[in-house]
Amino acid sequence: MLITYIYLIYCFIAAIYLGIFVPPSSASVTFMCLLLMAPMLILDKRWRINSIIIFMSMVFCIISYLYQTLSIAIVDITNCVVFCIMGIIVGQIMYSIRVENMEMQRKLTKQRDTDILTSLFNRRKLLDTIENWDDTFGLHSLSVVIMLDIDYFKKYNDCYGHLKGDACLKKLGKCFSSLFKRYGLEIFRYGGEEFIALGQKYNYEEISLICQEILKAVRYLQISFKESPDNIITVSIGFAELNTCSSDSYKDLIHMADKSLYKAKELGRNRAVGYLDYKNAP
């Protein structure tokens, strides 16, 4: 934006010099009038761009009055004032239209990338995020994968109904969003009762500690579930880390975390299992 304003000032100075001090001035005065339509093109705070346009108009009118014959100055000042007013009015209309379009695009993008029930990112956004990391940071930019599964969730739906199940997912989605944001991890609804989190900066031991925090946070919600061994909703977690687990690709890393998740279920659920633990398990 700063470069745009610098260029605008440069054009303004050129318009003053060519329009007032280098005859004939008509073509350059037209150029000056076009500059005053800048509010139509620049998307910025209205008070800022409008103040600059008004200031430019005043300077041009004063210099024109001081250095040109009265008849020419009157024409230049009239044109300048008219185009200044037009620029501000039309610019405000264009600004409102552009902002409205941007907001609509933002909402459409959010709807496309967000799971309606949990308000977390969906699987489509997951794939876009991985591709973006590959393009921006390189092939091995994804270094951490955490997979979560709600324990006995099908039975929960059978016992309490899908409305209660949806309410449960909403609570967990809010919990996950807050918790993973704290650690700088991206969380997605992978499908059904499964979730997946991605990260770039943690080692294996740190991820293990974060997973324990996740287990505690879910238990803290105290979502009643009488059919569960713990009488509340719990989750099982599997995780993998690029360097420690010697992964070759993000697909391999996700596969490792998925295997670890199923191992956590085999061991009794309501626990976190890393890929190294999965490999070393009997």
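Structure report, in brief. Counting restarts for each chain, with residues numbered from 1 along the sequence as it is written. This being a predicted model, a pLDDT of at least 70 is required before a residue's local features are given, and a value of 80 or more before pairs of side-chain atoms are given or counted; all residues contribute to the totals for chains, interfaces and linings. Side-chain metrics rest on all non-hydrogen atoms present in the structure, leaving aside hydrogens and water.

Describing the overall build of the protein
- A run of DSSP states H or I qualifies as a helix once it reaches four residues; a run of E qualifies as a strand once it reaches two. Both are numbered from the N-terminal end. When its secondary structure is counted, the protein shows 11 helices and five strands.
- Within the protein, the fraction of its 282 residues that count as buried is 43%.
- Any pair of residues with heavy atoms lying within 4.5 Å of one another is described as a contacting pair. By sequence separation, contacts in the protein at least 24 residues apart represent 67% of the contacts at least 6 residues apart.
- Residue exposure ignores everything except the shown protein chains as possible cover, and the areas themselves are Shrake-Rupley values with a 1.4 Å probe. Only carbon and sulfur atoms are counted for the fraction: they give 60% of the accessible area of the protein, which is about 15900 Å². Burial classes follow relative accessibility: with a 1.4 Å probe on protein chains only, a residue under 20% of its type's maximum area counts as buried, one over 50% as exposed, and anything between as partly exposed.

A word on the packing of aromatic side chains
- Centre distance within 6.5 Å is the pairing criterion for rings of Phe, Tyr and Trp, where only the six-membered ring of Trp is used; planes under 30 degrees apart are then read as stacked, over 60 as edge-to-face, and the remainder as tilted. A full pass over the atoms with the stated rule returns eight aromatic pairs.
- Geometrically, the ring pair formed by Tyr156 and Phe225 is edge-to-face, given 5.1 Å between the ring centres and 80° between the ring planes. With Tyr156 in helix α6 (residues 153-160) and Phe225 in the loop between α8 (204-221) and β4 (235-241), the pair connects residues that are 69 residues apart, well separated along the chain.
- Ring geometry for Phe176 and Phe195: centres 5.1 Å apart, planes at 70°, overall edge-to-face. Residue Phe176 is located in helix α7 (residues 162-182), and its partner Phe195 is located in strand β3 (residues 194-199); the two are separated by 19 residues in the primary sequence.
- For Phe176, a relative accessible area of 0% gives the class buried.

Concerning unusual backbone geometry
- With phi around 55°, Gln222 is a residue other than glycine that occupies positive phi space.
- Here Gln222 is to be found in the loop between α8 and β4.
- Given a relative accessible area of 53%, Gln222 falls into the exposed group.
- We note that Asn231 has phi near 65°; this positive angle belongs to a residue other than glycine.
- Mapped onto the fold, Asn231 is located in the loop between α8 and β4.

A look at the packing of α7 against α8
- For the pair α7 and α8, the least separation of the axes is 11 Å and the interaxial angle reads 145°. In this structure, α7 crosses over α8, and the sense of that crossing is right-handed. Residues Lys171, Leu172, Cys175, Phe176, Leu179 and Phe180 of α7 touch α8, and the partners they reach there are Glu213, Ile214, Ala217, Val218 and Leu221.
- Polar here means any residue outside two lists: the nonpolar Ala, Val, Leu, Ile, Met, Phe, Trp, Tyr, Cys and Pro, and the charged Asp, Glu, Lys and Arg; Gly therefore counts as polar. Of the residues contributing to the contact of α7 with α8, the split by class is nine nonpolar, no polar and two charged. Lines are fitted to the C-alpha atoms to define the axes, a helix being fitted only along its stretch in contact, and any angle between axes, read from their N-to-C directions, falls within 0 to 180 degrees. In this scheme the crossing of two helices becomes right-handed for a clockwise turn of the near helix relative to the far one and left-handed for an anticlockwise turn of less than a right angle.

Looking at the sheet that holds strand β5 (residues 272-274)
- Ordered by their spatial adjacency, five strands build an open sheet running β2-β3-β1-β4-β5, and the pairing between neighbours is mixed. The sheet is open, and its two edges are formed by β2 (186-191) and β5, each paired on a single side. The sheet shows a mean angle of 20° between the axes of neighbouring strands, taken without regard to direction.
- When DSSP finds at least two bridges between two strands, those strands are taken to pair. Here five bridges tie β2 to β3, and the two strands are oriented antiparallel to one another. Opposite Phe188, over in β3, you have Ile196 as the bridge partner.
- Across the sheet, α7 is in contact with β1 (144-150), β2, β3 and β4; its angle to β1 comes to roughly 160°.

A closer look at the packing of α6 against α7
- In contact at an axis separation of 7 Å, α6 and α7 are set at 135° when each is read in the N-to-C sense. Taken together, the axes of α6 and α7 lie oblique to each other. Of the residues in α7, those touching α6 at Phe153, Tyr156, Asn157 and Tyr160 are His162, Lys164, Gly165, Cys168 and Leu169.
- Residue classes in the contact of α6 with α7 are distributed as five nonpolar, three polar and one charged. Oblique is the label for any angle not covered by the other classes, which are roughly parallel (under 35 degrees), roughly antiparallel (over 145) and roughly perpendicular (65 to 115).

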